[in-house]
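Report on the structure
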Amino acid sequence: MKIINHFLDIIHLKDIPEEGLNLVFDEKKVIEDVELVSNIKGETFFEKVREDIILKGEFVTDIHLNCDRCLEDFAFHIDDNFFYTLLHREKKDENEETEPDILYFDGNNINFLDIIHEQIILQIPLKTVCKEDCKGICPGCGKNLNIEECSCDKKDDNIFFEKLINLKK
Ligand SMILES: [Zn+2]
Ligand SMILES: [Zn+2]
């Protein structure tokens, strides 16, 4: 097994020996549309099976996200593992449905950075909240209710109770 101790954005097929390639990495990367706040740390195995490549890997990192409720920035932890079969795009039958565990590559290069980018995007939840019990922003005064309390709700409650009392009169 050949071991390379750094991240490779592009992997040339000839870099993958018969016995396989093991990439081990722990570095800061620049990834499109994603702001990383820590290194990408992990490892990936590339194994040649005839003309296909079997890809097996795992990594951790942290990215910047905005909370949907309070709109504050927070670091979101990503802990991912993946398993794919890489096929040359020429072998793709257009009528064939794309299977989720199959990826295609062009020419003699595998864009590993793209694969990691995709994996990160897949991990971002549809709804992003900084914490389960984030109190969000008060629609009345715009204060971040995680940091400070506001008196809007109380006022509303008072009005509500006053109305109830008036109704009962
Ligand atoms: Zn929040
Ligand atoms: Zn308020």
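Cut-offs used in this document
Residues numbered from 1 in each chain as written. Chains lettered and ligands numbered in written order. Predicted model: local features only at pLDDT ≥ 70, side-chain atom pairs only at ≥ 80, totals over all residues. Helix = DSSP H or I, 4+ residues; strand = E, 2+ residues; numbered from the N terminus. Buried ≥ 20, exposed ≤ 12 C-beta atoms within 10 Å, placed from the backbone. Contact = placed C-beta atoms within 7 Å. Pairing = 2+ DSSP bridges. Axes fitted to C-alpha atoms, helices over the stretch in contact; angles between N-to-C directions. Core = buried A, V, L, I, M, F, W, Y, C linked by C-beta atoms within 7 Å. Expected span 1.5 Å × (residues − 1).

A look at the overall build of the chain
Broken down by element type, the chain carries 2 helices and 8 strands. In the chain, the succession of helices and strands from N to C terminus is β-β-β-β-β-β-β-β-α-α. Every one of the 169 residues in the chain was classed for burial, and the buried ones make up 12%. Contacts in the chain between residues far apart in sequence, at least 24 positions, make up 43% of those at least 6 positions apart.

Observations concerning the sheet that holds strand E5 (residues 52–66)
Judged by pairing direction, the sheet is mixed, and its 6 strands sit side by side in the order E1-E3-E4-E5-E6-E7 without closing on themselves. Taken across any chain shown, the strands that pair with only one partner, and hence form the sheet edges, are strand E1 (2–4) and strand E7 (102–105). Geometrically, the sheet is characterised by an average inter-axis angle of 30° between neighbouring strands, direction not taken into account. Bridging between E5 and strand E6 (residues 73–88) involves 14 bridges; their strand directions are antiparallel. Bridge pairing in E6 links Ile53 to Leu86. Along the sheet, helix H1 (residues 112–123) makes contact with strand E4 (40–49), E5, E6 and E7, crossing E6 at roughly 130°.

Re the nonpolar core
Counting 15 residues, the largest nonpolar core has Ile40, Ile53, Leu86, Ile110 and Ile116 as the members making the most contacts within it. For this core, the secondary structure elements donating two or more residues are strand E3 (21–27), E4, E5 and H1. When near neighbours in sequence (up to four residues on either side) are disregarded, Ile116 contacts Ile40 and Phe59.

Focus on the pairing of E3
When E1 meets E3, the two strands line up parallel, connected through 3 bridges. Within the sheet, the bridge partner assigned to Lys2 lies in E3 and is Leu21.

Considerations on H1
Counted at 1.5 Å a residue, the expected span for H1 with its 12 residues is 16 Å, and the 17 Å between its end C-alpha atoms agrees. Close packing links the buried residues of H1 with strand E2 (10–12), E4, E5, E6 and strand E8 (109–111).

Some remarks on unusual backbone geometry
In this structure, Asp33 is a non-glycine residue whose phi angle is positive, near 65°. The topology assignment puts Asp33 in the loop between E3 and E4. Phi angles above zero are rare outside glycine, and Leu71 is one such case at about 70°. On the basis of neighbour count, Leu71 is assigned to the exposed category, with 12 C-beta atoms found within 10 Å.

Overview of the environment of Cys141
Tracing the backbone shows Cys141 in the loop between H1 and helix H2 (152–168). Look at Cys141 and you get exposed, because 11 C-beta atoms sit within 10 Å. For the pair Cys141 and Ser151, spaced 10 residues apart in sequence, the C-alpha to C-alpha distance is 8.9 Å. Ignoring sequence-local partners within four residues, the contact set of Cys141 consists of Cys150 and Cys152.

Function cannot be read off these values alone, since they describe shape.
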